[in-house]
Amino acid sequence: MNDSDLALVLSGGGARAAYQVGFLRYLASRYPDLTPGILTGVSAGGIIAISLASREGSFRDSVAQLHELWLIELGESDARARAADIEAFLQSGSLSSFEASAGAR
């Protein structure tokens, strides 16, 4: 999905940023060809947006590199536990409306 009109807007907050990384991992795995045209954020979300925008390669590869940084920052066991919680939430079907609108593009 290469859509220059697609925007990711990431809010601030340290804990929220950890969840955003988990969501981005899910998004990148579910839509491997995703290329958001706009990345923006505030505070910690801005740092994530800059991190993604400044990397060469695919969005999926950029998210994987970002996730590795979070594993180092948070400590691997804590970060993996949070990622597992986020993945379980996402797999529960809570994103059906997002996925429906993304599929309509």
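Before reading further, recall that the structure is shown in the block above.
Residues numbered from 1 in each chain as written. Predicted model: local features only at pLDDT ≥ 70, side-chain atom pairs only at ≥ 80, totals over all residues. Heavy atoms only, no water.

It is worth spelling out the environment of Ala-7 at this point. By secondary structure assignment, the location of Ala-7 is in strand β1 (residues 2-10). Note: C-alpha distance between Ala-7 and Gly-37 (30 residues apart in sequence) is 6.1 Å. (Helix = DSSP H or I, 4+ residues; strand = E, 2+ residues; numbered from the N terminus.)

Turning our eyes to something else, we now look at unusual backbone geometry. A positive phi angle is found at Ser-43, which is not glycine, with a value near 55°. Tracing the sequence through the fold places Ser-43 in the loop between β2 (35-41) and α2 (44-53). On the basis of relative accessible area, Ser-43 is assigned to the exposed category, the value being 55%. (Buried < 20%, exposed > 50% of the residue type's maximum accessible area, 1.4 Å probe, protein only.)

Their axes nearest at 8 Å, the elements helix α1 (residues 14-30) and α2 cross at an angle of 35°. Where α1 abuts α2, its residues Gly-14, Ala-17, Gln-20, Val-21 and Leu-24 lie against Ala-44, Gly-45, Ile-48 and Leu-52. Grouping the amino acids of the contact of α1 with α2 by side-chain chemistry returns 6 nonpolar, 3 polar and no charged. (Axes fitted to C-alpha atoms, helices over the stretch in contact; angles between N-to-C directions. Contact = heavy atoms within 4.5 Å. Nonpolar A, V, L, I, M, F, W, Y, C, P; charged D, E, K, R; others polar.)

Another point: the environment of Val-42. Inspection of the secondary structure assignment puts Val-42 in the loop between β2 and α2. It is 8.4 Å that separates the C-alpha atoms of Val-42 and Val-9, two residues lying 33 residues apart in sequence.

Here we come to the nonpolar core. Counting residues in each nonpolar core, the largest one holds 19 residues, and the members touching the most others are Leu-24, Ile-48, Leu-52, Phe-59 and Leu-66. Contributions of two or more residues to this core are made by β1, α1, α2 and α3 (59-74). Considering each element in turn, this core owes the most residues, 6 residues, to α1. Not counting the four nearest positions on each side in its chain, Leu-24 is found in contact with Leu-8, Ile-48, Leu-52, Phe-59, Val-63 and Leu-66. (Core = buried A, V, L, I, M, F, W, Y, C linked by side-chain atoms within 4.5 Å.)

The element α2 is largely enclosed, with a buried count of 7 among its 10 residues. If you check which residues of α2 are buried, you get Ala-44, Gly-45, Gly-46, Ile-48, Ala-49, Ser-51 and Leu-52.

Right, let's talk about α1 for a bit. Compared with the 24 Å implied by 1.5 Å per residue over 17 residues, the 25 Å span of α1 between its first and last C-alpha is a close match. When we look at burial in α1, the residues that qualify are Ala-17, Ala-18, Gln-20, Val-21, Gly-22, Leu-24, Tyr-26, Leu-27 and Ala-28. (Expected span 1.5 Å × (residues − 1).)

Okay, the packing of aromatic side chains next. Both the distance between ring centres and the angle between the ring planes are used here to describe each pair of aromatic rings. Enumeration according to the criterion identifies 0 aromatic pairs in this entry. The positively charged end of Arg-30 is found above the aromatic ring belonging to Tyr-31, 5.8 Å away from the centroid. (Phe/Tyr/Trp six-rings, centres within 6.5 Å; stacked < 30°, edge-to-face > 60°. Lys NZ or Arg CZ within 6 Å of the ring centre and 35° of its normal.)

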